[in-house]
Amino acid sequence: MKFLIAVALAGLAFNTAAAQELGNGKAEYMNSCAVCHGPEGKGHGPLGDELVKRPADLTRLSRDNGGAFPYWRVFAMIDGRTMVPEHGDRDMPVWGRQFLPGDVKKYGPNAGEIVTRERIHDLAGYVETLQQ
């Protein structure tokens, strides 16, 4: 399963020029999330049928939260590093852990953590734009 996810993520990777055209949040979403959640965020990505649990419809988060976008809950879910393992398995990758090694290698330990958090903020902000 991890191999399938890695292959699908590699297939959706954008180059730097495409990322700049899309904006950081959307480019990050297309690189990291669309393979499962789909380009529109409705949970219909190419790997969705391969997963045990269908990915969430990200366009309904505000509606399911009384009309307010749950920004910090979305941020925590994407980051995943503060989730409590005793609460059960995560169906979604822990992007905070996946982003951090490359960011640390490129920017150093302190700046790498800042860049990782910024990438997650960009993602959460983009998910907010998907609300219907």
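Residues numbered from 1 in each chain as written. Predicted model: local features only at pLDDT ≥ 70, side-chain atom pairs only at ≥ 80, totals over all residues. Heavy atoms only, no water.

Attention shifts here to the overall build of the protein. The secondary structure content of the protein amounts to seven helices and zero strands. For the protein, the α and β elements follow one another from N to C terminus as α-α-α-α-α-α-α. Put simply, the protein has 132 residues, and 36% of those count as buried. Accessible surface computed for the protein: about 8,100 Å², of which carbon and sulfur atoms make up 56%. (Helix = DSSP H or I, 4+ residues; strand = E, 2+ residues; numbered from the N terminus. Buried < 20%, exposed > 50% of the residue type's maximum accessible area, 1.4 Å probe, protein only. Areas by Shrake-Rupley, 256 points an atom, 1.4 Å probe, with all protein chains shown as cover.)

Here we take up the side chain of T59. In this fold, T59 is placed in the loop between α4 (34-37) and α5 (71-79). A polar side-chain atom of T59 sits 2.5 Å from a polar atom in the side chain of D57. Excluding residues within four positions of it along the chain, T59 makes contact with E40, G41, K42, L130, Q131 and Q132. (Polar contact = N/O pair within 3.5 Å; in protein donor to acceptor, adjacent residues only side chain to side chain. Contact = heavy atoms within 4.5 Å.)

Another point: the packing of aromatic side chains. Applying the stated criterion across every chain yields a total of five aromatic pairs. When the ring of Y29 is compared with that of Y126, the centres are 5.3 Å apart and the planes differ by 45°; the resulting orientation is tilted. Remark: Y126 occurs in helix α7 (residues 109-129) and Y29 occurs in helix α3 (residues 24-32); sequence separation between them is 97 residues. Every member of this aromatic cluster is reached through a ring pair, and the members are F69, Y71, W72 and F75. Between R119 and the ring centre of F99, over which it is positioned, the NZ or CZ distance is 3.9 Å. (Phe/Tyr/Trp six-rings, centres within 6.5 Å; stacked < 30°, edge-to-face > 60°. Lys NZ or Arg CZ within 6 Å of the ring centre and 35° of its normal.)

Before going further, it helps to spend a moment on the pattern of salt bridges. Close approach of charged atoms lets side chains of opposite charge pair. Enumeration over the complete set of coordinates arrives at eight salt bridges. When the shortest N-O distance is used, the salt bridge between D79 and R81 registers 2.8 Å. With a relative accessible area of 7%, D79 lands in the buried category. (Salt bridge = Lys/Arg side-chain N within 4 Å of Asp/Glu carboxyl O.)

Y29, L61, V74, I78, L123 and V127 are the most contacted members of the largest nonpolar core, which totals 18 residues. When contributions to this core are tallied by element, the ones reaching two or more residues are α3, α5, α6 (95-107) and α7. The element best represented in this core is α7, accounting for five residues. Residues within four places of V74 in sequence aside, it is in contact with L61, F69, A124 and V127. (Core = buried A, V, L, I, M, F, W, Y, C linked by side-chain atoms within 4.5 Å.)

What follows is about the environment of G80. Its location among the elements puts G80 in the loop between α5 and α6. Placed 16 residues apart in sequence, G80 and G96 show a C-alpha to C-alpha distance of 6.2 Å. Setting aside residues no more than four positions away along its own chain, G80 makes contact with R90, V94 and R97.

Running from N to C, α6 and α7 point in directions that differ by 135°, and their axes come no closer than 7 Å. With respect to each other, α6 and α7 are oriented oblique. The two elements α6 and α7 cross, and the hand of that crossing is right-handed. Within the contact between the two elements, α6 uses G96, F99, L100, D103, V104 and Y107 and α7 uses P109, A111, G112, E113, V115, T116, R119, I120 and L123. When the residues that make up the contact of α6 with α7 are grouped by side-chain class, the tally is nine nonpolar, three polar and three charged. (Axes fitted to C-alpha atoms, helices over the stretch in contact; angles between N-to-C directions. Parallel < 35°, antiparallel > 145°, perpendicular 65-115°, else oblique. Left-handed = near helix turned anticlockwise from the far one by under 90°. Nonpolar A, V, L, I, M, F, W, Y, C, P; charged D, E, K, R; others polar.)

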